[in-house]
Amino acid sequence: MSSSSHHDTFTLTDNKTGKKHEVPVIEGSEGPRVLDMRHLHQHTGMFTYDPGYVSTASCKSKITFIDGDKGILRHRGYAIDELAEKSDFMEVCYLLLHGELPSPPDKTEFEKYITHRTMVHEQINNFFHGFRRDAHPMAVMFGVVGALSAFYHDSTDINDPHQRMIASYRLIAKMPTIAAMAYKYSVGQPFVYPDNDLSYAANFLHMTFSIPAERYTMSPVLAKAMDKFFILHADHEQNASTSTVRLAGSSGANPYACIAAGMVSLWGPAHGGANEAVVKMLQEIGTKKRIPEFIAKAKDRKDPFRLMGFGHRVYKNHDPRAQVLRKAAHEVLEELGIKNDPLLELALELERIALTDDYFVKRKLYPNVDFYSGIMIKAMGFPVSMFTALFAIGRTVGWIAHWKEMIEDQQALKIGRPRQLYTGKTEREYQNMDKRSKKSIFNWLWNTKEKVNY
Ligand code: SDX
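What you see is a predicted model; the values in this text were computed from it and never measured. (Residues numbered from 1 in each chain as written. Predicted model: local features only at pLDDT ≥ 70, side-chain atom pairs only at ≥ 80, totals over all residues. Heavy atoms only, no water.)

(A) Here's a closer look at the sheet that holds strand 4 (residues 64–67). Pairing in this open sheet of three strands is antiparallel, and the strands run 4-5-6 from one edge to the other. Of all strands in the sheet, those with a lone pairing partner are strand 4 and strand 6 (78–79), marking the two edges. Pairing analysis gives two bridges linking strand 5 (residues 72–75) to strand 6, with the strands arranged antiparallel. Looking across to strand 6, one finds that histidine 75 is bridged to tyrosine 78. (Pairing = 2+ DSSP bridges. Helix = DSSP H or I, 4+ residues; strand = E, 2+ residues; numbered from the N terminus.)

(B) Focus on the environment of glycine 273. Tracing the sequence through the fold places glycine 273 in the loop between helix 11 (255–266) and helix 12 (274–285). In this structure the C-alpha to C-alpha distance between glycine 273 and phenylalanine 387, which are 114 residues apart in sequence, comes to 7.7 Å. Residues contacting glycine 273, with those up to four places away along its chain left out, are Leu266, Trp267, Gly268 and Thr388. (Contact = heavy atoms within 4.5 Å.)

(C) Fine view of the layout of surface pockets. Here the second largest pocket is characterised by a volume of approximately 240 Å³. Along the walls of the second largest pocket sit 13 residues, with Asp14, Lys19, His21, Thr44 and Met46 positioned nearest its centre. Residue assignment for the lining of the second largest pocket shows that the elements contributing at least two residues are strand 1 (5–13), strand 2 (20–27) and helix 1 (40–44). (1 Å grid on protein atoms, 1.4 Å probe; cavity = no way out; pocket = protein on both sides within 12 Å on 5 of 7 lines; lining within 4 Å. Points joined across faces, edges and corners; volume = space filled by probe spheres on them.)

(D) Local environment of the site of the ligand. The full set close to the ligand counts 24 residues, and His236, Arg301, His312, Arg313 and Arg321 are the nearest of them. At a separation of 2.8 Å, an oxygen atom of the ligand approaches a polar backbone atom of glycine 309. Residue asparagine 368 places a side-chain N or O atom 3.0 Å away from an oxygen atom belonging to the ligand. For the ligand, whose accessible area on its own is 1000 Å², the fraction buried by protein is 79%. Its residues assigned to classes, the shell around the ligand shows ten nonpolar, seven polar and seven charged. (Near = heavy atom within 4 Å. Polar contact = N/O pair within 3.5 Å; in protein donor to acceptor, adjacent residues only side chain to side chain. Areas by Shrake-Rupley, 256 points an atom, 1.4 Å probe, with all protein chains shown as cover. Nonpolar A, V, L, I, M, F, W, Y, C, P; charged D, E, K, R; others polar.)

(E) Local environment of the side chain of arginine 164. Structurally, arginine 164 is set in helix 7 (residues 161–187). Of the residues examined, arginine 164 reaches a relative accessible area of 7% and is grouped as buried. When neighbours within four sequence positions are excluded, arginine 164 is seen to be in contact with Ile158, Asn159, Trp403, Ile407 and Glu408. (Buried < 20%, exposed > 50% of the residue type's maximum accessible area, 1.4 Å probe, protein only.)

(F) Examining the packing of helix 14 (residues 320–335) against helix 17 (residues 369–379) more closely. One way to put it is that helix 14 packs onto helix 17 with a least axis distance of 8 Å and a crossing angle of 20 degrees. On the basis of their axis angle, the class for helix 14 and helix 17 is roughly parallel. The element helix 14 and its partner helix 17 pack so that their crossing is left-handed. Here Arg321, Ala322, Leu325, Arg326, Ala328, Ala329, Val332 and Leu333 of helix 14 lie close against helix 17, whose contacting residues are Val369, Tyr372, Ser373, Met376 and Ala379. For the contact of helix 14 with helix 17, the per-class residue count stands at ten nonpolar, one polar and two charged. (Axes fitted to C-alpha atoms, helices over the stretch in contact; angles between N-to-C directions. Parallel < 35°, antiparallel > 145°, perpendicular 65-115°, else oblique. Left-handed = near helix turned anticlockwise from the far one by under 90°.)

Shape is all these values report; function is a separate question.
This is how it looks when you write it as structure tokens:
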């Protein structure tokens with residue numbers, strides 16, 4: 001039973017004034033209790049300070065529960081490894097959006113609705129032709145996804161539950177099509193229309209890898225692995241990109257534009273861009289004998305290099321998704337007849353060494369979802385530049401489920417507007433030009449060689 005209730009309180013004492021402030025404590029259905037700080041400023045004139053929101057719960061949610069110490073990830077109460085094993089991505093989408101596993105007729109109905117919304121408006125094709133062929137697929141995708149708001153802006157009254165549902169289903173349905181189009185555009189091949197006879201994941205492989213000149217043989221093992229990849233990336237509580245979608249959506253912005261904002265945040269190498277960064281890192285390491293050199297770089301605080309695919313804000317134990325992906329990567333390599341894949345061998349050795357190194361053990365740094373995913377999807381034929389786009393396909397349902405949950409909780413819905421600790425200049429008088437220093441901060445600019453003229 002999911003609930004939240006006020007039970008006891010937490011007393012804050014301002015040692016400067018001796019004043020005490022009783023903060024209500026709220027308990028959820030599981031996980032850490034929270035201090036209800038909504039009235040702190042009103043009662044004490046103070047703010048909380050928590051850059052990166054390390055200790056801050058930004059909302060109540062019923063969608064996903066993570067216990068980072070135990071390496072637990074559940075969607076609406078169902079464990080991720082069970083869903084990855086026994087469910088499929090369409091069913092997980094329904095679960096995340098509606099809160100329960102679908103009945104047989106609902107599963108069929110939901111899948112049919114999504115399948116019949118996978119095409120994009122023919123004019124969307126024009127957007128791609130404005131990009132250079134070598135543009136990063138994420139730059140193309142968030143541009144096109146944002147442009148969907150131009151096609152559907154008038155038909156999206158976010159206060160109408162039916163229209164919220166249509167926008168949610170449209171985004172889930174069209175993300176693979178847009179991603180496949182971004183790939184096709186980058187390799188100069190024609191766009192491939194969706195095939196409504198195929199499953200969601202198989203259809204994505206078809207739109208990406210089939211060409212008009214020949215029949216595309218679909219490997220059921222690869223289609224299953226793709227489906228599992230989407231399940232494992234579907235949602236992850238209040239991560240950076242989901243929090244971006246919630247913040248953008250809190251102002252009432254168009255849901256298509258909010259999802260585009262989530263994609264931008266996901267693209268960062270510290271977040272969803274890490275799967276691309278992992279493979280590039282493994283390729284740079286090259287051989288097992290160079291692993292110690294990179295481990296040393298990762299441990300050197302003066303060196304900005306971090307071991308990509310390692311560590312997590314929440315998991316201080318194995319990321320359960322990494323465990324499933326490691327196994328799936330083996331299955332895909334076997335299906336493709338790839339023996340002793342050098343990247344996988346290197347990754348396994350890197351994981352073995354890191355997990356015995358005190359620096360990583362002490363900081364509880366384990367492989368995360370991005371550590372093995374790239375090895376699997378690279379073997380499936382995706383270029384490294386497409387890795388984060390695949391993450392975005394899976395995460396779209398998580399983003400939209402959180403957006404929907406936020407909009408539907410009208411009582412709690414408030415525009416997100418954090419405050420700050422101001423450390424800038426205090427008040428000072430305006431200085432006329434003749435009173436100012438003659439020093440320039442632009443020396444570096446005037447001395448540069450290249451002429452920047454656009
Ligand atoms: C995802 O939030 C989510 O749920 C995200 C995600 C999702 O599904 O949405 O799970 C997907 O983004 C997974 C993470 C992918 N990113 C990477 O693999 C990039 C490499 N990892 C790091 O950048 C880092 O671990 C983060 C960003 C993932 C987490 O950073 P935190 O929580 O801010 O941790 P931190 O920077 O405070 O690190 C704590 C310590 C520091 O050392 P000290 O200052 O204590 O000496 O651990 C060190 C860090 O320097 N550290 C690492 C490290 N990660 C943390 N050192 C070397 N290599 C690393 N990868």
